[in-house]
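# Breakdown of the fold
Listed below, chain by chain, are the residues.
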Amino acid sequence: MIELRNVTKTFYQKDKQIDALSNVSLTVAAGKIFGVIGTSGAGKSTLIRCVNLLEKPTSGEIIVDGVNLTNLASSQLAKERRHIGMIFQHFNLLSSRTVSENIAFPLELDGMPKDKIKERVYDLLKLVGLLEKADDYPANLSGGQKQRVAIARTLASNPKVLLCDEATSALDPGTTKSILNLLKDINERLGITILLITHEMNVVKSICDSVAVISNGKLIEQGSVGDIFLHPKTELAKEFIASSLNIEVPVLYKNRLETTSSKNQHPLLKLELTGKSVDEPILSQAARLFNVDTKIITAQMDQAGEASFGVILIELSGNAKNCQDAINYFIDKHIIVEIVGYV
Ligand SMILES: Nc1ncnc2c1ncn2[C@@H]1O[C@H](COP(=O)(O)OP(=O)(O)OP(=O)(O)O)[C@@H](O)[C@H]1O
């Protein structure tokens, strides 16, 4: 549905050459949600802006729904762009128009009769859950409500593809969740293909089918979300995954934590579980096999695509040899073990 073939984008600033995208290729299958994740300046915005040719690639091809957009005349490109919706981090609503009038705007441009516009706007308001805000102005809406208006406005033109440029970055976690749920709902109900860019792995984890990691304008890793979470290859992918599993040592423990072990102290272990190890009762097995006790301090178990994974912080107690045997057992089970300290 969306295909980027060897897309390169070079900017020139005075004598400086900036390779914002280098030979980027990716395919988003129809009806799927594809995320591109990267840190600031990696090339995410340039990539997504190339898809609807807001930014013209220096070389390479962009194919959307079977049409190669790269060489189209501007009138043809304008026609094709109607099938490509886009939403932005800062919503881009018209402040002088009400919610309904914002949503109606693309339909007015299309010359739709007034009564039809009214019907369509009503349906869209209902879809995004904003019927009671129809006559409000953007200034009186929350960030999440503004993004819902922007989504309704872009859906007004019946796009086949939706591009999301950091669409939840300006929102708090709860609102982010509700907007991501809405995007997933739209994807499933209307069959719209979604390409999104983000710097947050939680966004990818919540709704994407596939993900690509971008660094310095290059796609350094891509695959299904489950696959990337289970078998990340690059350090950057590993860092993004770790950032989505944020467990903290509780303050009570932090204050008592020693870096080296002394008599009668127990190791505090951080166990990262993926794949099969998630499904096995590893703590009770270790307790039985090695005569150790495992006290769970904090834990986070999660799901991304078909992959389950999690992090557990445990206090391990028993004699030193048994504790070491238990640690070796965890490592044998492909669990990443970190000794956080001793308590
Ligand atoms: N119009 C432009 N002229 C010159 N350089 C540009 C232009 N747009 C982007 N760049 C450069 O291209 C690189 C990629 O920028 P881009 O905005 O695509 O990154 P990003 O991953 O979206 O970053 P952020 O998350 O901070 O928005 C950066 O080095 C940026 O400075």
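Summary of the structure given here. (Residues numbered from 1 in each chain as written. Predicted model: local features only at pLDDT ≥ 70, side-chain atom pairs only at ≥ 80, totals over all residues. Heavy atoms only, no water.)

### Description of unusual backbone geometry
One non-glycine residue, K14, lies in positive phi territory at about 50°. Take K14: it is sitting in the loop between β1 (2-13) and β2 (16-28). Here N158, not a glycine, exhibits a phi torsion of approximately 50°, which is positive. Relative to the helices and strands, N158 resides in the loop between α5 (143-155) and β7 (161-165). (Helix = DSSP H or I, 4+ residues; strand = E, 2+ residues; numbered from the N terminus.)

### Quick word on the packing of aromatic side chains
In total, this model carries three aromatic pairs according to the counting rule given. Ring geometry for Y329 and F330: centres 6.0 Å apart, planes at 55°, overall tilted. Per residue, the accessibility class of Y329 equals that of F330, and both read buried. Here the basic side chain of R256 rests over the ring of Y253, its NZ or CZ set 5.0 Å away from the ring centre. (Phe/Tyr/Trp six-rings, centres within 6.5 Å; stacked < 30°, edge-to-face > 60°. Buried < 20%, exposed > 50% of the residue type's maximum accessible area, 1.4 Å probe, protein only. Lys NZ or Arg CZ within 6 Å of the ring centre and 35° of its normal.)

### Section: the side chain of T154
Turning to its location among the elements, T154 is positioned in helix α5. Residue T154 is classed as buried on the basis of its relative accessible area of 11%.

### Focus on the site of the ligand
All residues in the neighbourhood of the ligand are listed as F11, Q13, I18, A20, T39, S40, G41, A42, G43, K44, S45 and T46. A distance of 2.8 Å separates an oxygen atom of the ligand from a polar atom in the side chain of S45. In the environment of the ligand, an oxygen atom lies 2.5 Å from a nitrogen or oxygen atom belonging to the side chain of T46. In isolation the ligand has 630 Å² of accessible area, and contact with the protein removes 61% of it. (Near = heavy atom within 4 Å. Polar contact = N/O pair within 3.5 Å; in protein donor to acceptor, adjacent residues only side chain to side chain. Areas by Shrake-Rupley, 256 points an atom, 1.4 Å probe, with all protein chains shown as cover.)

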